[in-house]
Amino acid sequence: MSLAEGLPDGGEALTTAERALSYSGGDAQVTVIRERSLLSRFAHSQPTQATEVDAVRVSVICVRDGHPGEAGTTNLDDDALRDVARRASAAAEATARAGPGRYPSLPVPGLTRLHQGYDVETAALAPARAGAALRTVFEIARRSRLEASGAWTAGVVETAVASSAGMAQRDSVTDAQLRVVMTAAGGRTGFASGTAKAAAGIDESAVAERAAGLVDGGEPVELPPGAYPVVLGPAAVADLLDFAGGLAFNGLAFAEGRSPISGRLGQRVAAACINLSDSPRFALTLPRAFDAEGVPKQPLPLVQDGVAHAVVHDTRSAALAGGAARSTGHALVPGGALSGPAPTNLVLTGGGAADEEELAVPIERGIHVTRLWYVNPVDAKRGLLTGMTRDGTFLIEDGRRTRPLRDVRFTDEILRILSATQALTAGQQLVGLGHFYGPRFAYGAVTPALRADGFRVTSSTAG
Amino acid sequence: MLDLLRDLMDTAAGRCSYADVRRVDRMTERVSTLNGAVEGIEDFESDGIGIRVRAGSGWGFAATSDVSRAGAERTLRRALALAESQPLGRAGPLAPAPPAAGRWDGPCAKDPFAVSPEQKLSLLLDADEAMRGDGRIVRTHGHVMLRRAVQAFASSEGATYEQTMTECGGGIAVFALQDGELQERSYPGGHGGDVAAAGWEHVESLDLVGAAPRIAEEAVELLSAPPCPEGVTTVVLGPDQLALQLHESIGHALELDRMLGIEAAYAGTSWVSPQDLGHARYGSDLLHVTADATLPGALGSFGWDDEGVPGQRQALIQEGVLRGALSSRESAAAAGLAGSSGCMRADGFTRQPLVRMTNVSIEPGQAGSLEELVADTGEGLFLETNRSWSIDDRRLQFQFATEVGREIRGGRLGRLYRNPSYAGLTPHFWGSMDAACSASEWRLHGLVNCGKGEPGQVMHVSHGAVPARFRDVQVGVA
């Protein structure tokens, strides 16, 4: 049955999965993902590229003596499905000849829940909708005497999983996103974005106006390296949380001792105001019924009142962790990713501040960051990251945003920033984090803005 | 297949000002081991058609995995509808290009798909075993990957070609952990090892088993090594790190779409503009950089790019001065250049081509071998194998970390330093290069994780590099 409310009849993906499964002997699981999407890019307030994708991929995992073999195809005819099943089986048998393996049993069906992550109108993917969104953004740019760059996108993804363990389920989700960078003649920029389950859930005018509002034509000042109080906007916080999910709350890294919170469950790892969970049914998030292995998604508290509570698992990391560990429904690809599982519905609970301006009030001299860029781990074990700010970086003086800053490089630890967090806004925003390398997988973090102390700036961009 | 593609282009010709179509049939295989056991064998075959049209002032691109005639015709209609739905814009011309015609096949001596899974696993398990033994080692990993893409192309200007590219490579990595300190060593490079446009012979040439004990010992030794000191010093970059430095601070910076502001919202722009071509100072007089899509064995080599422009070699930087940019037909015309440098590439059939770097390489200098360069250096740091990278959206301010640093003292390599890092500004850094090793040290390094575009595209590219020396570099910044 459909797990997404309002999903029309069809279920071709599940039919295909069951067809491929019928060609697979022994323990096998088939995942079918069909993506249909539109993406329109723009620059200099002109359309530049428009992409429509209609593609399907079938993945078959066979397990023999604790060894998985995986094969995939984009071809749906019977011969191709027989061939992909044969290749997966042959791969598993080849690995099994190396001796018994550690791959756990295929997951058994669990109780999946209905969600509201599918929108019929968005799934229609009308190209005219993209055109209208771009026209709205261009008009606001023209009125503001700015140039607009960015992208509008919408997609529908149907996923089906069938297995010899009895799994037979499918799910459909939609998403829409708009990202806008406004640029002034002097080169200053401002960024805003909107992400929602439905295209109608994005107010294109509001996103464009927000981006335009961050463009300050004043001469930017340079900030020397040092530790500063910071207000991080939701887009910046979302990037940090995404890395926290992949480095710290990743059950594989945790089990191997590579996570910053390895051995620290039950201990304080963040300020008491930090409550972080993976909540696939939270109202603002992009829900889905099950993970890439077909395991049901369920809410999971990760940090409660600053204390580390849990990490996420797929079936492989849970087997490695041993004891009572079970998959929490966080596999990223069929069979589990080599890098391990990760949370994809992060929700950071809001605080009491009315807005980012109120967060800045106690700051005598600090930084307001809209967006981070090119963030990468320097030391995964410490959760040490480096990256740049961009598209709206400001100096805070005497409790208010005063002048634009040259973008700065930060090099700081995620858990240190969360430990030094002093306040959060009440309002939260869903920030889209998917870049759509490979099949479309829309996800994001629901987060407020926050104020933290001691944000470590290590250099400034030259003019 | 070419008949169907030609027919499609005939159909498109009357309905748009330009169209091209690619069918890409790609087979990928990955074999991996983890912690002394088989991690898995995966293969994936994708086959589909991507059609790009320009109608009115807009571009439209549609892709499908339905390769039937009906599926292709439906996809053409969708591409046209998408282009026609775009807001009106300024449609600049495409730089002229003679229609491509012919066939091109990349090098492959030993078909990697014919090598048995058992042979691949045996190699990886032997390498894995050679990395284990010390109780402080918590993770060992090895993999080989192979890919073959068979591509057919046609355009509304009468171009048709077919080409086949084979890629093969792999790598190993080891993690050691003690008292909260985690150290990684990998070989023959970080982030996916080393891949070449070649067959299984490339994996054999890597000698993964032979390198395994050394990197395991180094990972353990790094646990108790002193941290990289903070300060300003002379740095010699190993060729694998220099390859990434080239990629990030020269290759991406010279993509003409970025220089024109077309990628401003996502990949970013560049600190140089088209007006800088011919006179801007990018580095020292010793800096010579080329983009060469004709290099044998390199991942960015091809017969024609994904809009039918032949692969070519061009100078990007000569004696430190900016001379060229990486371009497409549209961006070349927008910048007033005579023609495209053949850099439009797409990641499979579901993505439309973008300006992507081909094989951007530094030309060798005259400093002899690495040993001779170190001897000539006296005091400083030798840094190799990337661990972390980050650069701003103009490709100007960067910070890199490497897996390992070695003290250079008295003209010799000395003790290890852990967690080395360095930072700089692109023109200052390349301006401080005062020596580059000779041709005997020059080799290709394949990168398979270059991301760009929306929806995201991952491109594979190689960089020819030699060890080189840089003065007055800020180190120990992380």
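All values derive from a computational prediction rather than experimental measurement.

### Things to note about the overall build of chain A
Okay, step 1: The secondary structure content of chain A amounts to ten helices and 19 strands.
Okay, step 2: Projected onto the principal axes, the alpha-carbon positions of chain A cover approximately 70 × 50 × 35 Å.
Okay, step 3: Partitioning the contacts of chain A with sequence separation of at least 6, the portion at a separation of at least 24 is 73%.

### Overview of the interface of chain B and chain A
Okay, step 1: Taken together, the contact pairs 67 residues of chain B with 75 residues of chain A.
Okay, step 2: Element by element, the count of residues in the side of chain B that touches chain A is highest for strand E2 (residues 37–55) of chain B, at twelve residues.
Okay, step 3: Residue composition of the side of chain B that touches chain A, by class: 32 nonpolar, 23 polar and twelve charged.
Okay, step 4: Pairing analysis gives four bridges linking strand E2 (residues 46–64) of chain A to strand E3 (residues 58–64) of chain B, with the strands arranged parallel. Bridge pairing in E3 of chain B places Asp54 of chain A opposite Thr64 of chain B.

### A word on the confidence of the model for chain B
Okay, step 1: Across chain B, the average pLDDT comes to 96, with 100% of residues at 70 or higher.
Okay, step 2: Scoring of the predicted complex yields 0.95 for pTM and 0.95 for ipTM.

### Points about the domain arrangement of chain B
Accessible area lost on assembly of the parts is the figure often given for the size of an interface.
Residues and elements named next belong to chain B.
Okay, step 1: Split by domain assignment, chain B resolves into domain 1 (2–223) and domain 2 (231–475).
Okay, step 2: Just the C-alpha atoms count here: the centres of domain 1 and domain 2 sit 21 Å apart.
Okay, step 3: Of the residues lining the interface, 47 residues belong to domain 1; the matching set on domain 2 comes to 40 residues.
Okay, step 4: Counting residues per element, the ones that place at least two in the side of domain 1 that touches domain 2 are strand E1 (18–34), E2, E3, strand E5 (137–155), strand E6 (160–178), strand E7 (181–187), strand E8 (194–196) and helix H5 (208–223).
Okay, step 5: Of the residues that constitute the side of domain 1 that touches domain 2, the class distribution is 22 nonpolar, 14 polar and eleven charged.

### Quick notes on the nonpolar core
Okay, step 1: Core analysis: the biggest nonpolar cluster contains 302 residues, and Ala17, Val60, Val180 and Ala211 of chain A together with Ile51 of chain B have the highest contact counts within it.
Okay, step 2: In this view, Ala211 of chain A contacts Val180, Val181, Met182, Gly190, Phe191 and Ala192 of chain A; residues no more than four positions away in its chain are not counted.

### Concerning helix H5 (residues 204–213) of chain A
Residue and element names in this part refer to chain A.
Okay, step 1: Listing the buried residues of H5 in full gives Glu204, Val207, Ala208, Ala211 and Ala212. One side of H5 carries all its buried residues, which in axial view fall inside an arc of 135°.
Okay, step 2: Of the surrounding elements, those touching the buried residues of H5 are helix H4 (127–143), strand E4 (147–163), strand E5 (168–183) and strand E6 (189–196).

### Section: the packing of H4 of chain A against H5 of chain A
Two quantities define a packed helix pair, namely the angle between the helix axes and the distance between the axes.
Residue and element names in this part refer to chain A.
Okay, step 1: Look at H4 against H5: their axes get within 9 Å of each other, and the N-to-C directions meet at 35°. For the pair H4 and H5, the crossing hand works out as right-handed. Residues Ala133, Thr136, Val137, Ile140 and Ala141 of H4 touch H5, and the partners they reach there are Glu204, Ser205, Ala208, Glu209 and Ala212.
Okay, step 2: Broken down by class, the residue content of the contact of H4 with H5 amounts to six nonpolar, two polar and two charged.

### Points about the sheet that holds strand E15 (residues 360–362) of chain B
The strands making up a sheet associate through backbone hydrogen bonding, with each pair oriented either parallel or antiparallel.
Residues and elements named next belong to chain B.
Okay, step 1: Strand order across the open sheet formed by four strands is E12-E11-E10-E15, with antiparallel pairing between neighbours. Edge positions in the sheet fall to strand E12 (321–322) and E15, since each has one partner strand and no second.
Okay, step 2: Two elements, strand E10 (residues 289–292) and strand E11 (residues 313–318), share four bridges in a ladder whose sense is antiparallel. Note on E11: the bridge partner recorded for Asp292 is Arg313.
Okay, step 3: Sitting on the sheet, helix H6 (residues 239–251) is in contact with E10, E11 and E15, with an inclination near 120° to E15.

### Topic: the environment of Leu447 of chain B
Residue and element names in this part refer to chain B.
Okay, step 1: With respect to the helices, strands and loops of the structure, Leu447 is situated in strand E21 (residues 443–452).
Okay, step 2: Owing to 25 C-beta atoms within 10 Å, Leu447 belongs among the buried residues under this scheme.
Okay, step 3: The spacing of Leu447 and Ala298 is 149 residues in sequence and 10.0 Å in space, taken between C-alpha atoms.
Okay, step 4: Not counting the four nearest positions on each side in its chain, Leu447 is found in contact with His247, Val461 and His463.

Rules of the game
- Residues numbered from 1 in each chain as written.
- Chains lettered and ligands numbered in written order.
- Predicted model: local features only at pLDDT ≥ 70, side-chain atom pairs only at ≥ 80, totals over all residues.
- Helix = DSSP H or I, 4+ residues; strand = E, 2+ residues; numbered from the N terminus.
- Contact = placed C-beta atoms within 7 Å.
- Nonpolar A, V, L, I, M, F, W, Y, C, P; charged D, E, K, R; others polar.
- Pairing = 2+ DSSP bridges.
- pLDDT = per-residue confidence, 0-100.
- Domains from an automatic or database assignment.
- Core = buried A, V, L, I, M, F, W, Y, C linked by C-beta atoms within 7 Å.
- Buried ≥ 20, exposed ≤ 12 C-beta atoms within 10 Å, placed from the backbone.
- Arc of directions from axis to C-beta.
- Axes fitted to C-alpha atoms, helices over the stretch in contact; angles between N-to-C directions.
- Left-handed = near helix turned anticlockwise from the far one by under 90°.

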